[in-house]
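# Structural description and commentary
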Amino acid sequence: MCGIVGYVGPRPVIDVLVPGLAHLEYRGYDSAGIALNHGNSLSVLKRAGRIADLRLLIDQESLDDAISGIGHTRWATHGAPNSGNAHPHVDCDRGVAVVHNGIIENWAVLKEKLIGAGHEFESDTDSEVVAHMIEDMGDVPLAEAVRRVMNQAEGALALAVMRRSEPDVLVGARRGSPLVVGRGDGENFLASDIPAFLEHTREMVVVDDDRVVELRADSVSLTDLEGNAIEPVQHKVDWNFEAAERDGYPTFMLKEIYEQPHAIADTLAGRVSPTGQVVLDELEIDGRMLRAIDKVFVVACGTSYHAAMMAKYAIERWARLPVEIDIASEFRYRDPVLDSRSLVIGISQSGETIDTLAAVRYARAQGSLVIGVSNVVESALAREADAVLYTRAGPEIGVAATKTFTTQLVAMQLLGLYLAQVRGAVDPGAVEVLVTEMLRLPDQVESVLSTSDAIEKLSRDWTDTRDYFFLGRSGDFPVAMEGALKLKEIAYVRAEGYAAGEMKHGPIALIEEGVVVVGVVTDSHVRTKTLSNMEEMKARGGTIVLVAEEGDDVGNVADHVIRVPAGPDLLCTVTAVVPLQLLAYHIATARGMDVDKPRNLAKTVTVE
Ligand code: M6R
């Protein structure tokens, strides 16, 4: 994933591009660059590193006469993350500049052809082919040239392109990777995501797949790839710019951890009836269709996959439907048996993860009903699914998913209960009891957050610990998996999430003094079994930490106990994961890590 920004209008162009890129840095941050169009020349500034490094290259005065510009923050896919491969890329004559997000799958063939025609390439990227393709077309208007590029390029891509000879024009195109236009008064913006221009305008137009957009300071024209005009549909952005800022917290991740009570309350809002039943009319799926379903598949990646793990327990337990869960990148390749009676649920906070999109596309091609669960309105997943259930966590900037995970858990619990209701698999009284408990979750998470200082204190002993296990069974298993993933990705230490009962079949050989073993024991029907598994870890010298419900007598197996409010099985996943987010956060910050931008990771993974 990369971040694209573009601007045409009267402001000093770098003053729009550089702050815009800073707001998109969560999309990739291994190199950054800008290109400015001065009418008689293009200036290109780019380098490996972050936006702060790019700023060092900028000599404001010499760039102030620019009429338009494009910028890019990169997460490398083709070619090493060095300055040469940083975007923008230009053609041989330095007349065309291009920034690109995604992968041009047939780039090698295109490049070979261009080299055959005499073009010289400077980078190892797939993106550079676009600049040379446009140069090769000669005197074709830029928008038309970009349409031709889109017709030849295969794969997912978003482009922003400009040309020296058309300084008042900026052209964007999209297939698969996100692109939005910000409409201003006498100025227009192009970006991968709204925060890039939100300080300038709230009016936006989503660029759909296979569309080309031409921006001038006073106009926005949209066409399909044949050049047919399409009326742009304008929306008003109704969330605050401040929502995407840190709000006084030292990091986005901490801010987002603390936003969870609110995010969970928002995700529940309007989805529970006064009689305590789940209301998901927004899905607009006929009850008869849901009753005809005979199997459910849940597909997702990373943290979202852990929400899928919880969903399996919830749907099987409450709706009595068989559920299979798949890591999305594996789904298609195992030849799953799907038909029109299968319900496939794709979970993706970004709604742009290519593996998850490919899995749901595959499912739709088999005639299955697809529900997308996404945090981003109008994301690709939302648009491709038959129905969408939004988590309402607000923008999540930290690379490590936190509030989007707990809201995914809540959304999947709502969906599990809704399926159970519609199919008559559960008594309305039982739904009411669970839903009433769900409405307490925001306050319960709030009370867990108040233990952050104690968790920080506890974590001080483990700043240099290199080996952790996170164990749980049943509903506690996905929580353990998520705790381990959080620690791995932000603190760069080995942390294994494991089913507690499976340890004795091999991994227990790794337990010795110095290994920290975190056991989650909030699922009542397996807690005694998990506790005996923890005894086995203690006997091998592990330091034992338990996440247990308030009032639960866990005996003396634990060296430390972190308490969370008591609640029904599965619902407890929401509260139980919060101390593990905090634990990972405190260990990572004590180790001096940049938790918002962990190495090698990107917020959204749009490559297979
Ligand atoms: O946007 P998605 O939910 O589809 O993203 C899936 C994973 O890439 C994501 O959850 C990743 O594992 C996060 N870095 C976890 O914190």
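Just so you know, these numbers come straight off a predicted model, no measurement behind them. (Residues numbered from 1 in each chain as written. Predicted model: local features only at pLDDT ≥ 70, side-chain atom pairs only at ≥ 80, totals over all residues. Heavy atoms only, no water.)

Now for the overall build of the protein chain. The helix and strand tally for the protein chain stands at 20 helices and 25 strands. Computed over its C-alpha atoms, the radius of gyration of the protein chain comes to 25 Å, within 12% of the 25 Å expected for a compact globule of 608 residues. For the protein chain, the C-alpha atoms occupy an extent of roughly 75 × 55 × 45 Å along the three principal directions. Counting over 608 residues, the protein chain shows a buried share of 61%. Contacts in the protein chain between residues at least 24 apart in sequence constitute 71% of all its contacts with a sequence separation of at least 6. Surface accessibility of the protein chain: about 22,200 Å² in total, with carbon and sulfur atoms responsible for 47%. Distance from the positive charge centre (57 side chains) to the negative charge centre (90 side chains) of the protein chain: 4 Å. (Helix = DSSP H or I, 4+ residues; strand = E, 2+ residues; numbered from the N terminus. Rg over C-alpha atoms; globule rule 2.2 N^0.38 Å. Buried < 20%, exposed > 50% of the residue type's maximum accessible area, 1.4 Å probe, protein only. Contact = heavy atoms within 4.5 Å. Areas by Shrake-Rupley, 256 points an atom, 1.4 Å probe, with all protein chains shown as cover. Lys, Arg positive; Asp, Glu negative; His and termini not counted. Charge placed at Lys NZ, Arg CZ, Asp CG, Glu CD.)

This brings us to the packing of aromatic side chains. In the structure shown here, the tally under the stated rule is six aromatic pairs. A connected cluster of aromatic rings, assembled from ring pairs, spans Tyr7, Phe189 and Phe197. In this structure, arginine 599 packs its charged tip against the face of tyrosine 492, placed 4.0 Å from the ring centre. (Phe/Tyr/Trp six-rings, centres within 6.5 Å; stacked < 30°, edge-to-face > 60°. Lys NZ or Arg CZ within 6 Å of the ring centre and 35° of its normal.)

So, about the site of the ligand. What surrounds the ligand is a group of 13 residues, the closest being Ser304, Ser348, Ser350, Thr353 and Glu489. A distance of 2.6 Å separates an oxygen atom of the ligand from a polar atom in the side chain of serine 304. Within the backbone of glutamine 349, one N or O atom sits 2.8 Å away from an oxygen atom of the ligand. Relative to its unbound accessible area of 410 Å², the ligand is 91% covered by the protein chains. Here the shell around the ligand takes three residues from helix α10 (residues 302–319), the largest share from any one element. Each residue belonging to the shell around the ligand can be placed in one class, and the counts come to four nonpolar, seven polar and two charged. (Near = heavy atom within 4 Å. Polar contact = N/O pair within 3.5 Å; in protein donor to acceptor, adjacent residues only side chain to side chain. Nonpolar A, V, L, I, M, F, W, Y, C, P; charged D, E, K, R; others polar.)

Across the sheet, eight strands lie side by side as β3-β2-β4-β1-β10-β9-β11-β15; this open sheet has antiparallel pairing. The two strands at the open ends of the sheet, each matched to only one other strand, are β3 (42–48) and β15 (234–236). Mean inter-strand twist for the sheet, computed between neighbouring axes without regard to direction, equals 20°. Bridge count for strand β1 (residues 3–8) against strand β10 (residues 188–191) is four bridges, and the pairing is antiparallel. When the sheet's bridge partners are listed, valine 8 is paired in β10 with asparagine 188. (Pairing = 2+ DSSP bridges. Axes fitted to C-alpha atoms, helices over the stretch in contact; angles between N-to-C directions.)

A few words now on the domain arrangement of the protein chain. One can read the domain layout of the protein chain as domain 1 (3–243), domain 2 (249–439) and domain 3 (445–608). Between the C-alpha centres of domain 2 and domain 3 the distance comes to 24 Å. Across the domain 2/domain 3 interface, buried area totals approximately 3,400 Å², and carbon plus sulfur atoms make up 67% of it. Three residues, Met253, His306 and Val399, lead the burial of domain 2 against domain 3; their summed loss comes to 18% of the area buried on that side. Here domain 2 and domain 3 share one salt bridge between them. Residue lysine 603 is joined to glutamate 396 by a salt bridge in which the shortest nitrogen-to-oxygen separation is 2.6 Å. Those elements that place two or more of their residues in the side of domain 2 that touches domain 3 are α7 (252–258), α8 (260–268), α10, α12 (354–365), α14 (403–422) and α15 (428–438). For the side of domain 2 that touches domain 3, a count of residues per class yields 24 nonpolar, twelve polar and six charged. (Domains from an automatic or database assignment. Buried area = accessible area lost by both parts, 1.4 Å probe. Salt bridge = Lys/Arg side-chain N within 4 Å of Asp/Glu carboxyl O.)

As a further point, take the sheet that holds strand β19 (residues 369–374). Read across the sheet, five strands follow the order β17-β16-β18-β19-β20 without closing on themselves; strand pairing throughout is parallel. Strands at the two margins of the open sheet, each flanked by one partner only, are β17 (323–327) and β20 (387–390). Between one strand axis and the next, the sheet turns through 20° on average, direction left out of account. Two strands pair when backbone bridges link them, and β19 and β20 are joined in this way by four bridges, in the parallel orientation. Among the inter-strand pairings, valine 373 is bridged to a residue of β20, identified as leucine 389. Seen against the sheet, α12 touches β16 (295–300), β18 (342–348) and β19 and runs at an angle of roughly 165° to β18. The strands that α14 touches are β18, β19 and β20; relative to β18, the one it contacts most, it runs at about 165°.

Our next topic: the pairing of β1. Burial analysis of β1 places six of its six residues in the buried class, the great majority of the element. Burial along β1 is two-sided: Gly3, Val5 and Tyr7 facing one way and Ile4, Gly6 and Val8 facing the other are all buried. As paired elements, β1 and strand β4 (residues 68–74) share six bridges and run antiparallel to each other. By the bridge assignment for β4, isoleucine 4 is matched with histidine 72.

Judged by nonpolar contacts, the single largest core of 91 residues is most densely connected at Ile315 and Ile345. The element best represented in this core is α14, accounting for twelve residues. Inspection of this core shows a minimum of three residues originating in each of domain 2 (249–439) and domain 3 (445–608). With sequence-adjacent residues up to four places away left out, isoleucine 345 is seen in contact with Val296, Phe297, Val298, Val299, Ile315, Ile371, Val373, Met412 and Leu415. Residues Ala32, Ile34, Leu45 and Ile51 belong to the second largest nonpolar core, which totals 31 residues. (Core = buried A, V, L, I, M, F, W, Y, C linked by side-chain atoms within 4.5 Å.)

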